Amino acid sequence: MMPNRFVFALLTVALLAGCATTPTPERQAALVDEARKTAGGLIQTLGGELQAAMRAGGPGEAIRVCKEKAPKIAADASQKSGMQVKRVSPKNRNPKGVPDAWELEAQAALEKRLAAGEKPETLDMYAVVNTWRGAEFRYAKALVTQPVCVTCHGAADSLPDVVKARLAAEYPNDKATGYAPGMIRGVLSIRKPL
Ligand code: HEC
């Protein structure tokens, strides 16, 4: 066991570090700008790959893109931007796609804004949150279901047989069905410790 005084000292250091790194408004604006660019680039790249794979080999081939390329595209975007980029959803398909508390709240808030009439393309939000490790920049962009998404995320009994079979084999705990165009499928989540 660590002596309490030591734990207390550590906490104090962590809190001070958190305060010291709270970004200026200019720095925050730059972070938002960078996150938006990163998110936009990733959505475009992934969308392009998905469309191309659907045309070339149908949804069976496109599942491979989602499974293998989507995490790789996110990893590339992370490396390029120095921010951590991933896709999450409260009804996740990839077992690693479980949202944390901030991401859950972000999606709920974005859903409310969508219902209130905001344009789906620009639905995003950000915050600087204090954690025990210090301040962290967080960003979430809504991934809104398009007609093409329904092939693999629509009502479970309406999916093409090849998709049903691949999902049953590769994602036995899949929760990511039952979506219609216009619903928020998940969020693109970006974070950067400050
Ligand atoms: C060809 C089938 C297919 C299509 C079409 C498709 N997806 Fe997916 N989606 C998947 C698969 C498979 C995964 C799991 C990928 C993985 O293993 O990381 C996934 C994962 C996701 C995730 C990550 C969270 C989770 O549930 O694991 C999001 C968000 C997502 N898809 C949104 C979309 C959106 C938005 C569209 C339309 C623009 C779309 N998908 C189109 C098959 C598809």
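Residues numbered from 1 in each chain as written. Predicted model: local features only at pLDDT ≥ 70, side-chain atom pairs only at ≥ 80, totals over all residues. Heavy atoms only, no water.

**Student:** Where do I start with the pattern of salt bridges in this structure?
**Tutor:** Opposite charge on two side chains makes pairing possible when the charged atoms of those side chains draw close. Evaluation of the coordinates by the stated rule reveals 15 salt bridges. One salt bridge connects D33 with K37, and the closest N-O pair in it is separated by 3.4 Å. Remark: K37 and D33 occur in helix α2 (residues 25-81); sequence separation between them is four residues, near one turn of the helix. A relative accessible area of 60% places K37 in the exposed class. Of the charged contacts, one joins E170 and R166 as a salt bridge, the two residues approaching to 2.8 Å between their closest N and O atoms. You can see E170 and its partner R166 sitting in helix α5 (residues 161-170), four residues apart, about one turn around the helix. For E170, a relative accessible area of 26% puts it in the partly exposed group. One network of salt bridges, with partners in common, ties together D100, E103, E136, R138 and R191. (Salt bridge = Lys/Arg side-chain N within 4 Å of Asp/Glu carboxyl O. Helix = DSSP H or I, 4+ residues; strand = E, 2+ residues; numbered from the N terminus. Buried < 20%, exposed > 50% of the residue type's maximum accessible area, 1.4 Å probe, protein only.)

**Student:** Hey, could you run me through the sheet that holds strand β3 (residues 134-144) in this one?
**Tutor:** Hydrogen bonds between backbone atoms are what pair the strands of a sheet, whose relative direction is either parallel or antiparallel. If you trace the four strands from one edge of the open sheet to the other, you get β1-β4-β3-β2, paired in antiparallel fashion. The two strands at the open ends of the sheet, each matched to only one other strand, are β1 (84-88) and β2 (124-131). In this sheet, neighbouring strand axes are inclined to one another by 25° on average, regardless of whether the strands run parallel or antiparallel. In the sheet, β2 pairs with β3 via eight bridges, with the strands oriented antiparallel. Looking across to β3, one finds that V128 is bridged to F137. Running over the sheet, α2 touches β1, β2, β3 and β4 (184-193) and is turned about 50° from β1. Across the sheet, helix α3 (residues 101-115) touches β1, β2, β3 and β4, and the angle it forms with β2 is around 155°. (Pairing = 2+ DSSP bridges. Axes fitted to C-alpha atoms, helices over the stretch in contact; angles between N-to-C directions. Contact = heavy atoms within 4.5 Å.)

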